[in-house]
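Understanding the architecture of this molecule
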Amino acid sequence: MKASEATEAIHEMLQSTVSTWPGYDPAQVPFVIYDENDVFYVNHPSPPPARPANLMAATAVEIGGVLSATVPAVLAEDAPQLVPLAYHEGFHVHQAEFAEGQAFDFFNALAHYPELDADYRALCGLETAILNNVEIEPIKRASQLSAVARRRGRLLGARSDDLVHYEHMMERNEGTASYVEQQARRAIYGVEPSPVAFNTGWSRFYSTGAAICWLLDALAVAWHEAVEAGQSLSQVLTATYAPVELPDLRPIVDAQQHEIEQIQTEIDAKIATDLNDTLTIHYAAGIQLDLRNVRVEDDNIYVGE
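Residues numbered from 1 in each chain as written. Predicted model: local features only at pLDDT ≥ 70, side-chain atom pairs only at ≥ 80, totals over all residues. Heavy atoms only, no water.

**Quick notes on the overall build of the protein**
In plain terms, the rule: Working definition: helices are DSSP H or I runs of at least four residues, strands are E runs of at least two. Numbering for both runs from the N terminus. Each residue's exposure class comes from its accessible area (1.4 Å probe, protein chains only) as a fraction of the maximum for that residue type: buried when under 20%, exposed when over 50%, partly exposed otherwise. In this analysis, two residues are considered to be in contact whenever any of their non-hydrogen atoms come within 4.5 Å of each other.
Each helix and strand counted, the protein has ten helices and eight strands in total. By residue count, 41% of the 305 residues in the protein fall in the buried class. Across the protein, the fraction of contacts at a sequence separation of at least 24, relative to all contacts at a separation of at least 6, is 66%.

Here you go:
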């Protein structure tokens, strides 16, 4: 969509909003909608005269002295894609009313994120299976997830406390915002949430967090208040539901270890290919210069042995 089209869709959205979270109303949120050529402001009390330099993503940032939801129009092809996204980003502005400061090292958490740890991947797979198994009664699934969350917390804590805080932050921030997005999509367009896909990366909390929100809804737990008071979704589960004994994860761990080895082989091959391309300069007439055969001594450049 163009920014002008997206702005028109958001204006229409704000004429009749739907309830997705207690106390959250997108009609009270300043929006900044943009594309590569234009920037439009909706509900914004102090639009800046020039294009803001911090328009880089769909998120919430301060613009014109006001925390605003920024929406890149390029992310949506039509209103059914755009409107739920606007609810998501607008919710990030609402979250500022109860969000806590980031009391951990974000980059240290990413540096130690155990995406290629077989035990962690096995727990991610088990969590995904539990969230998608709607045949099991909600209270049993909650107890299973409580056990998974406890074990995952111990695994992460052994690596770095920053990882534990990072997961809690991602659940509170992005899991709940994705839940709000799914709520809007269902209420406005009749589209139900998709099953949770297996994911071991940092973005997994968008979908797993939202799925936990839906489960807590089914259990009629006062979880919104707990999240606003500072708890993550996993903390709500572990505080409310006693854990059950988990199945033997060794077969899953072994399978994940095999997959990790395959991934690592692919990574090594890609690095070798990229390194070879980087170290070779291609000239016209088919001439190539391999930088591995170039050395510099006493300000002189030598090619070859």
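There is more to say, and it comes next.
**Let's talk about a nonpolar patch on the surface**
Going by this rule: Patch building starts from residues that exceed 30% relative accessible area and form no salt bridge, then joins like charges within 9 Å and nonpolar side chains (Val, Leu, Ile, Met, Phe, Trp, Tyr) within 5 Å. Working definition of accessibility: Shrake-Rupley area with a 1.4 Å probe, residue cover restricted to the visible protein chains. Whenever a carboxyl oxygen of Asp or Glu lies within 4 Å of a side-chain nitrogen of Lys or Arg, that contact is scored as a salt bridge.
Taken together, Phe107, Leu110 and Trp202 make up a surface patch of nonpolar side chains, about 360 Å² in accessible area. Among the secondary structure elements, Trp202 is positioned in the loop between helix H6 (161–189) and helix H7 (204–218). The class of Trp202 is partly exposed, set by a relative accessible area of 46%.

**Notes on the packing of helix H5 (residues 138–159) against H6**
For clarity, the threshold we go by: An axis is simply a line fitted to the C-alpha atoms; with a helix, the fit covers only the stretch in contact. Between two such axes, the angle follows the N-to-C directions and lies from 0 to 180 degrees. The labels follow the angle: roughly parallel below 35 degrees, roughly antiparallel above 145, roughly perpendicular from 65 to 115, and oblique for the rest. Residues are grouped as follows: Ala, Val, Leu, Ile, Met, Phe, Trp, Tyr, Cys and Pro are nonpolar; Asp, Glu, Lys and Arg are charged; all remaining types, including Gly, are polar.
Contact pair H5 / H6: the axes reach a minimum separation of 5 Å and the direction vectors enclose 135°. Taken together, H5 and H6 sit at an angle that is classed as oblique. Contacts between H5 and H6 involve Arg152, Gly153, Leu156, Gly157 and Arg159 on the former and, on the latter, Asp161, Leu163, Val164, Glu167 and Glu171. Residues of the contact of H5 with H6, tallied by class, amount to three nonpolar, two polar and five charged.

**Observations concerning helix H4 (residues 118–132)**
Which entries qualify depends on this criterion: What a helix is expected to span follows from its residue count: subtract one and scale by 1.5 Å. Residues adjacent in sequence count toward polar contacts only when both atoms are side-chain atoms; beyond that, a polar contact is any pair of N or O atoms within 3.5 Å, and within protein one must be able to donate a hydrogen and the other to accept it.
Spanning 15 residues, H4 covers 21 Å between terminal C-alpha atoms, matching the ideal 21 Å at 1.5 Å per step. All of the buried residues along H4 are Ala118, Tyr120, Arg121, Ala122, Leu123, Cys124, Leu126, Glu127, Thr128, Ile130 and Leu131. Where H4 begins, the capping side chain belongs to Asp117, and its oxygen is found 3.0 Å from the backbone nitrogen of Asp119.

**Brief notes about unusual backbone geometry**
Residues other than glycine seldom take positive phi values, yet Asn43 does so here, at roughly 65°. Its location among the elements puts Asn43 in the loop between strand S2 (39–42) and strand S3 (59–63). One non-glycine residue, Ala220, lies in the positive phi region at around 55°.

**Here we look at the packing of helix H1 (residues 3–15) against helix H2 (residues 79–95)**
Selection criterion: Each crossing is labelled by how the near helix is turned from the far one, with a counterclockwise turn of less than a right angle marking it left-handed and a clockwise turn marking it right-handed.
At a minimum axis distance of 10 Å, the contact between H1 and H2 shows a crossing angle of 65°. In terms of crossing hand, the pair formed by H1 and H2 is right-handed. Residue-level contacts link Ala6, Ala9, Ile10 and Met13 of H1 to Ala79, Leu82, Val83, Ala86 and Tyr87 of H2. Per-class residue counts for the contact of H1 with H2 are nine nonpolar, no polar and no charged.

**Quick word on the nonpolar core**
Basically, it comes down to this: In this text, buried Ala, Val, Leu, Ile, Met, Phe, Trp, Tyr and Cys residues form a nonpolar core when linked through side-chain atoms within 4.5 Å.
Counting residues in hydrophobic clusters, the biggest one holds 71 residues, and the most contacted among them are Trp21, Phe31, Ile33 and Trp223. Ranked by the residues each element gives to this core, the list is headed by H6, at nine residues. Excluding its chain neighbours within four sequence positions, the residues that come into contact with Ile33 are Ala3, Ala6, Thr7, Ile10, Asp38, Val39, Phe40, Val42, Val71 and Ala73. One finds Val32, Tyr34, Leu55 and Val61 within the second-largest nonpolar core, a separate group that totals five residues.

**Digging into the side chain of Thr200**
One can find Thr200 in the loop between H6 and H7. With relative accessibility at 5%, the residue Thr200 sits in the buried group. In this structure the side chain of Thr200 is engaged in a polar contact, spanning 3.1 Å, whose partner is the side chain of Arg121. Non-local contacts of Thr200, meaning those with residues more than four positions away in its chain, are made with Tyr113, Glu115, Tyr120, Arg121 and Cys124.

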